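Analysis of the macromolecular model
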Amino acid sequence: MDVQTPPCNTTSENQCGVKSSSYALIIIPVLLAVSTVIVVALIVYSVCCKRQERAVTVVFNSDTSGKRVRSTGCGSVLVSTVSGPLGPWEIPEDCVLEELAFLHTGRYGPVCRSQLSAGQVTSAVVVKTLRDSTSQAEVKEFVNWARFHAVVSRHENLVQMLFCQTRHVPMYLVLEDVNPGNLLHFLWSLRNEDPGTPSQSQQFCEKSVYLLAKQVAAGLEYLHSEHRLVHGDVAARSVLIGAGLSVRVAGLGMAFEAWETGKVANRRAAEVPLKWQAPERITHLAMTTRSDVWSFGILLYELVTLGAPPYPGLEPLDVLPQIRSSYRMEKPESCGTPLYELMKCCWMLNSSDRPTFPAIIQLLQSYTDLADTKRLSSLESMNIFEYSKKAGVFP
Ligand SMILES: *[C@@H]1O[C@H](CO)[C@@H](O)[C@H](O)[C@H]1NC(C)=O
């Protein structure tokens, strides 16, 4: 029987033990040193990368992950790594914008009217561009403005974005063009028309007021119920009117600010002309859906008077004291009793006494058939300077 005596083993074990411990003596410090070097290298690397990233890129909020703005010195180029929520809204390669005609300077830059051609199809659009020299913050806000249209403004009675271009400069939004457009100007245009000429004004009557008002209320109700947003500037000047008296509520700047930041800056809220503001908004800046209802009442007045300035006999600063001592505008001549009653409900001092938008929509619905179909008219033609003064709207 070969019994391998273990001495050798023991020695070898011992030797091994000695060997391994001496290896350990060498290996452990080496491993430690190497891992330290690796860790330090990683830290240095990540710090450098971060610094570099901070210098050239701005990463948008989490919901826009993957979109980065890279500064190129003379402008900003948006690099889309992962297609964010705006992906499907980015203007396709085969769409061409032609015949750009400058309209006015908007909040972010020039606004133009243009023709959008996609193959054989051409449609009139409005292009809102981001001006060339902008801060990163402004670029970010502009992209969020596009996102706001994509996410929030998705109701047939709100202004519609067709496409956007936020991947690189020049950045712009392509909105549908609505004709005749500005509701206030449209109402004024009805004043100057010769009653003899057969035109749209032939049909513009109290019933049309109901049809328009219902659409405005539907747009505002959608903003409120779907997105918990208040418009903040409900007025004829904020509404666009299209073919067949279709309505698009525009002027969504404050709703956007609330959506983006969770609040509206007091300075911005105070820009709204006093004659449209609910009393509680003037006194303690409380902007609620019920303060939108108050302004909606003023809009009804504008509609039925073909764009007359509210409280024509009062200075803007005198309106609030008058309202508090229960003064309200008189019933316009062309206005039926149900419509006037609705206005007065919108102008209840206590905001909880005012109707909600769903109730307003229902009221308008049930009274539409009783509305007058006689053409609305006004002998006074509108003078813009006179209007600005009386309405307290400063351009
Ligand atoms: C407004 O009306 C509600 C309900 O009718 C009432 O509870 C509230 O006290 C009123 N607010 C004021 C300031 O009168």
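The notes below deal with the structure included here. (Residues numbered from 1 in each chain as written. Predicted model: local features only at pLDDT ≥ 70, side-chain atom pairs only at ≥ 80, totals over all residues. Heavy atoms only, no water.)

Topic: the sheet that holds strand β5 (residues 110-118)
Taken in spatial order, the 5 strands line up as β4-β5-β6-β8-β7 in an open sheet, and their pairing is antiparallel. Two strands in the sheet have a free side with no partner beyond their single neighbour: β4 (95-105) and β7 (161-165). Across this sheet, the average inter-strand angle for adjacent strands is 25°, counted without regard to direction. Relative to β5, β4 runs antiparallel, the two being bridged by 8 bridges. Bridge pairing in β5 links His104 to Val111. (Pairing = 2+ DSSP bridges. Helix = DSSP H or I, 4+ residues; strand = E, 2+ residues; numbered from the N terminus. Axes fitted to C-alpha atoms, helices over the stretch in contact; angles between N-to-C directions.)

What to know about the pattern of salt bridges
Scanning the entire structure with this criterion turns up 9 salt bridges. Across the salt bridge formed by Glu176 and Arg248, the nearest N and O atoms sit 2.3 Å from each other. Taken together, the residues Glu176 in strand β8 (residues 172-176) and Arg248 in strand β11 (residues 247-249) connect sequence positions 72 residues apart. With respect to class, Glu176 is no different from Arg248; both count as buried. Salt-bridge contacts for Glu271 lead to Arg267; the nearest nitrogen and oxygen are separated by 3.6 Å. The pair Glu271 / Arg267 is uniform in exposure class, with both members exposed. (Salt bridge = Lys/Arg side-chain N within 4 Å of Asp/Glu carboxyl O. Buried < 20%, exposed > 50% of the residue type's maximum accessible area, 1.4 Å probe, protein only.)

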